[in-house]
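Structural overview
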Amino acid sequence: MSRYYFDICEGLGFRPDDAGEEFEDLDTAKSHAVHLAGEIAKDMPLAPSNHVVIVEVCNEHRERVITVTVALWIERTQIEGQSVNPWGA
């Protein structure tokens, strides 16, 4: 069993994983990172915007070995027949 750390970047926020978790191998740690990113993505706001979640998997030496990125881009193109600027508020 090896210890892996799952640091999370969400928007401008960064949450380092100080405890880590033990997994049988890197593939199992990767699956956990994908699941973790997906769970965080479920809570992203659904307003027109863009959101990115990054889970960086580090080994027991705190070296990054995998990066999982989930991006959600929601663009509203029309409201009641009017064009909308997706970059605007």
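Please read all numbers here as calculations on a predicted model, not as lab measurements. (Residues numbered from 1 in each chain as written. Predicted model: local features only at pLDDT ≥ 70, side-chain atom pairs only at ≥ 80, totals over all residues. Heavy atoms only, no water.)

1. A closer look at the overall build of the protein chain
On a plain count of helices and strands, the protein chain comes out with one helix and seven strands. When the 89 residues of the protein chain are sorted by exposure, 28% land in the buried category. Sequence-distant contacts, at least 24 apart, represent 43% of the contacts inside the protein chain between residues at least 6 apart. For the protein chain, the accessible area works out to roughly 6200 Å², and carbon and sulfur atoms hold 50% of it. (Helix = DSSP H or I, 4+ residues; strand = E, 2+ residues; numbered from the N terminus. Buried < 20%, exposed > 50% of the residue type's maximum accessible area, 1.4 Å probe, protein only. Contact = heavy atoms within 4.5 Å. Areas by Shrake-Rupley, 256 points an atom, 1.4 Å probe, with all protein chains shown as cover.)

2. Some details on unusual backbone geometry
One non-glycine residue with positive phi stands out, namely arginine 62, at about 65 degrees. Of note, arginine 62 is situated in the loop between β4 (49-58) and β5 (64-74).

3. Concerning the nonpolar core
Tyr4, Phe6, Ala29, Ala33, Val55, Val57 and Val68 are the most contacted members of the largest nonpolar core, which totals 15 residues. Contributing elements (two or more residues each) for this core: β1 (2-10), α1 (26-42), β4 and β5. Here the element with the most residues in this core is α1; it accounts for five residues. (Core = buried A, V, L, I, M, F, W, Y, C linked by side-chain atoms within 4.5 Å.)

4. Notes on the side chain of aspartate 7
Mapping aspartate 7 onto the fold places it in strand β1. A distance of 3.3 Å separates a polar atom in the side chain of aspartate 7 from a polar atom in the side chain of arginine 62. Excluding anything up to four places from it in sequence, aspartate 7 contacts Phe14, Arg15, Pro16, Asp17, Ile54, Val55, Glu56, Cys58 and Arg62. (Polar contact = N/O pair within 3.5 Å; in protein donor to acceptor, adjacent residues only side chain to side chain.)

5. Focus on the pattern of salt bridges
Counted by the stated rule, this structure contains six salt bridges. With a shortest N-O distance of 3.9 Å, aspartate 27 and lysine 30 are connected by a salt bridge. You can see aspartate 27 and its partner lysine 30 sitting in helix α1, three residues apart, about one turn around the helix. Of the charged contacts in the structure, one is a salt bridge between arginine 64 and glutamate 56, with a shortest N-O distance of 3.3 Å. Residue arginine 64 is classed as exposed on the basis of its relative accessible area, which comes to 55%. (Salt bridge = Lys/Arg side-chain N within 4 Å of Asp/Glu carboxyl O.)

6. Notes on the pairing of β1
Sheet analysis places β1 next to strand β3 (residues 21-23), joined by three bridges and oriented antiparallel. Bridging across to β3, tyrosine 4 finds its partner in glutamate 21. Pairing geometry for β1 and strand β2 (residues 13-15), over three bridges, is antiparallel. Pairing of cysteine 9 across the sheet is with phenylalanine 14, part of β2. Count of turn residues in the β1/β2 antiparallel hairpin: two residues, of which glycine 11 carries a positive phi of about 60 degrees. (Pairing = 2+ DSSP bridges.)

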